[in-house]
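As a plain string of letters, each chain reads:
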Amino acid sequence: MSAPYPARPSRPVVAFLALALLAAILLLDALRAPPVDLFAAPPPVALGSGVAPGGAHCSGG
Amino acid sequence: MTRTRAGLVLFALALAAYAFVAAGARAGLLVLVGLGFGLVLEGLRFGFAGPWRTIVTDRDGRGLIAQFLAIGLTAAAAFPLLAAAPDELFGAHAPVGLAMIAGAFVFGATMQLVMGCGSGTLVNAGSGNLVGLVALAGFIGGSFLGTLHLNWWTGLGALPVITFQGLWGAHAGLWITLALLAALGALVALRAAPGKRMPPRRLWIAAALLAALALANLVIAGQPWGIVYGLGLWGAKLAETGGADLAATAFWSAPGNAERLGASILTDVTSLTNIGLLAGAFIAMRWKADPGAQTTNLTAASWLAVLAAALVMGYSARLAFGCNVGAFFSGISTGSLHGWVWMVAAFGGSWMGIRLRPILLRPAAPAAERVPA
């Protein structure tokens, strides 16, 4: 037998909540992390830059 | 509708411009790539977990064949690129090990319980799927917790990193990769029911666009498309905000990871594409006149099962050196043996997860409503 059927938020409402979660993470990070030094930012495109990537990837240990 | 769509275009441009101004041109470009991923995955309904289920339940191989096509197209350009610029571009290369195999198996099972894989969870949350939002929270927590124990798990036993390029060279390695993908596609076509073999036009387009975006990711970031690292980093940053000291942990004290943890999220390439992906899925959902119905409601116990499964999914993705994107898609398309082993182990887990679904996920709705695809 099924349990009672409470109302659910619509897709746009849930999507806004997901964006709010993302915005909260970015805001908390902006408050704690130092601002990015744009003069030390990597070249726009890695290929041809002569610079090795940072290596922070899912396949790294 | 026109005003809504104009607003969505402005939102996308503003997001990319924010990353560009705050963290440089590369950050802005990677947010645009991420937006592209989100638009393609949600707009053209290209998924990973769904086709792994429908080949088993409905003998529908169309989505799975489209996945092999996307991976093959990516590999066809990624192999030569990696060979031409070995100091600037890295593949998604990781070791095969006991924890990696177990992690992939568990990931495969849990992705069927949360109704989405790594990219699918971001797409689902961004497009307003309530299960996806709950799963995203669990996935962030799990992928962070996985980083805390990764060294212990990998210490259980692992081979050195093995790549197809290392075994056979870039040229032959690529042809072997393409031949294996073609053989798998043929196997799926044989298994699939008549009328469920040839992908529809939208999946051909999606596969080509995904390959183009994955290659753009590789060329811009210097490394392949990934999901899990960024989510683990978000979890680590939230843990630090809550007072956790991660400096003593093996993973977060490693030079590259410590640098990411101490810097802005906008300097992490995987986070940038994750941000764009979630926003792109949102835009694709809002672009439609009808955003669609919310997923079936579940019992309280089933919601807890979704959260727990997502937590385990994030944890296992970390042990498996990636999810369906970082290990399966990017691993195989850049020649890593671990991508192939991941696929076999995760498919076994997915088979088990399909059987667990009706046991753990019980709809609270009347029987007429079904658990969504």
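Let me sum up the structure you'll find in this document. A quick note: this is a predicted structure, and the numbers were derived from the prediction, not measured.

## Brief notes about the side chain of T295 of chain B
Residues and elements named next belong to chain B.
- Checked against the element boundaries, T295 lands in the loop between α13 (269–287) and α14 (300–319).
- T295 gets classed as buried once you look at its relative accessible area, which sits at 6%.
- A distance of 3.3 Å separates the side chain of T295 from the side chain of Q294, its partner in a polar contact.

## Quick word on the interface of chain B and chain A
- The interface is formed by 78 residues belonging to chain B together with 47 residues belonging to chain A.
- Summed over the shared surface of chain B and chain A, the result is 2 salt bridges.
- Across the pair K237 of chain B and D29 of chain A runs a salt bridge whose closest N-O atoms are separated by 2.8 Å.
- The interface formed by chain B and chain A holds 16 residue pairs in polar contact (both at pLDDT 80 or more) in total.
- Counting only elements with at least two residues in the side of chain B that touches chain A, the list comes to α1 (2–23), α2 (25–43), α6 (118–126), α7 (130–154), α9 (201–221), α10 (228–241), α12 (255–262) and α13 of chain B.
- Here the residues of the side of chain B that touches chain A are counted per class, giving 44 nonpolar, 24 polar and 10 charged.

## Comments concerning the nonpolar core
- Within the largest apolar cluster, 120 residues are counted, with the highest numbers of intra-cluster contacts made by F46, F107, W225, W252, F328 and W342 of chain B.
- The element that contributes the greatest number of residues to this core is α13 of chain B, accounting for 10 residues.
- Core analysis: the second largest hydrophobic core is formed by 9 residues, A46 of chain A together with A78, L81 and V219 of chain B among them.

## Section: a nonpolar patch on the surface
Residue and element names in this part refer to chain B.
- Taken together, the side chains of F105, V106, L145, L148, L311, V312, W351 and M352 present a nonpolar region at the surface, about 600 Å² in accessible area.
- Where the nonpolar patch is concerned, the elements lending two or more residues are α5 (98–113), α7, α14 and α16 (337–360).
- In this structure, L311 sits in helix α14.
- Given the relative accessible area of 37%, L311 is considered partly exposed.

## Details of the layout of surface pockets
- Here the second largest pocket is characterised by a volume of approximately 510 Å³.
- Taken together, 26 residues make up the lining of the second largest pocket; nearest its centre are P42 of chain A together with R26, E259, R260 and T267 of chain B.
- Among the elements that take part in the lining of the second largest pocket, α12 of chain B stands out by supplying 3 residues, more than any other.
- Within the lining of the second largest pocket, the residues separate by chemical class into 16 nonpolar, 5 polar and 5 charged.

## Quick notes on the environment of S127 of chain B
- Structurally, S127 of chain B is set in the loop between α6 and α7.
- As for S127 of chain B and G43 of chain B, which are separated by 84 residues in sequence, their C-alpha atoms are 9.9 Å apart.
- Those residues within four positions of S127 of chain B in sequence are excluded, and the remaining contacts are R11 and A15 of chain A together with E42, A281, F282 and M285 of chain B.
- Of note is the side chain of S127 of chain B, whose polar atom sits 2.9 Å from the backbone oxygen of V123 of chain B.

## A look at empty space enclosed by the protein
All names here are of chain B.
- Overall, the coordinates contain 4 cavities of 30 Å³ or more when judged by the stated rule.
- Considered as a void within the structure, the largest cavity measures approximately 50 Å³ in volume.
- Surrounding the largest cavity, T74, A78, A214, L215, L218, P224, W225, F329, S330, S333 and T334 form its lining.
- Of all elements in the fold, only α4 (62–84), α9 and α15 (324–333) reach the threshold of two or more residues within the lining of the largest cavity.
- For the lining of the largest cavity, the residue count by class is 7 nonpolar, 4 polar and no charged.
- In this structure, the second largest cavity occupies an estimated 40 Å³ of space.

## Digging into α4 of chain B
- Taking 1.5 Å per residue as the helical rise, α4 of chain B with its 23 residues ought to reach 33 Å, and the 34 Å between its terminal C-alpha atoms agrees with that figure.
- Residue A75 of chain B marks the point of greatest curvature in α4 of chain B, where the axis turns by about 30°.

## A word on the environment of L181 of chain B
- Turning to its location among the elements, L181 of chain B is positioned in helix α8 (residues 164–191).
- Linking L181 of chain B and Q67 of chain B, residues 114 residues apart in sequence, is a C-alpha distance of 9.6 Å.

## Brief notes about the packing of aromatic side chains
All names here are of chain B.
- All chains considered together, the criterion is met by 18 aromatic pairs over all chains.
- Summarising the aromatic geometry, the rings of F164 and W168 are spaced 5.1 Å apart at their centres and angled 85° between planes, so their arrangement reads as edge-to-face. Taken together, the positions of F164 and W168, both in helix α8 and 4 residues apart, correspond to about one turn of that helix.
- The class for F164 is buried, based on a relative accessible area of 3%.
- Judged by its relative accessible area of 43%, W168 is partly exposed.
- Ring geometry for F328 and W342: centres 6.2 Å apart, planes at 20°, overall stacked. Within this pair, whereas F328 is found in helix α15, its partner W342 is found in helix α16, the two being separated by 14 residues in sequence. Neither F328 nor W342 differs from the other in exposure class; each is buried.
- The structure contains a cluster of three or more aromatic residues connected by ring pairs, namely F37, F46, F48, W52, F107, W225, F328, F329, W342 and F347.
- The ring of W351 has R355 sitting right over it, with the charged end atom 3.8 Å from the ring centre.

The rules we used
- Residues numbered from 1 in each chain as written.
- Chains lettered and ligands numbered in written order.
- Predicted model: local features only at pLDDT ≥ 70, side-chain atom pairs only at ≥ 80, totals over all residues.
- Heavy atoms only, no water.
- Helix = DSSP H or I, 4+ residues; strand = E, 2+ residues; numbered from the N terminus.
- Buried < 20%, exposed > 50% of the residue type's maximum accessible area, 1.4 Å probe, protein only.
- Polar contact = N/O pair within 3.5 Å; in protein donor to acceptor, adjacent residues only side chain to side chain.
- Contact = heavy atoms within 4.5 Å.
- Salt bridge = Lys/Arg side-chain N within 4 Å of Asp/Glu carboxyl O.
- Nonpolar A, V, L, I, M, F, W, Y, C, P; charged D, E, K, R; others polar.
- Core = buried A, V, L, I, M, F, W, Y, C linked by side-chain atoms within 4.5 Å.
- Patch = residues over 30% accessible without salt bridge, like charges linked within 9 Å, V, L, I, M, F, W, Y side chains within 5 Å.
- Areas by Shrake-Rupley, 256 points an atom, 1.4 Å probe, with all protein chains shown as cover.
- 1 Å grid on protein atoms, 1.4 Å probe; cavity = no way out; pocket = protein on both sides within 12 Å on 5 of 7 lines; lining within 4 Å.
- Points joined across faces, edges and corners; volume = space filled by probe spheres on them.
- Expected span 1.5 Å × (residues − 1).
- Bend = angle between axes of the 7 residues up to and from the residue.
- Phe/Tyr/Trp six-rings, centres within 6.5 Å; stacked < 30°, edge-to-face > 60°.
- Lys NZ or Arg CZ within 6 Å of the ring centre and 35° of its normal.

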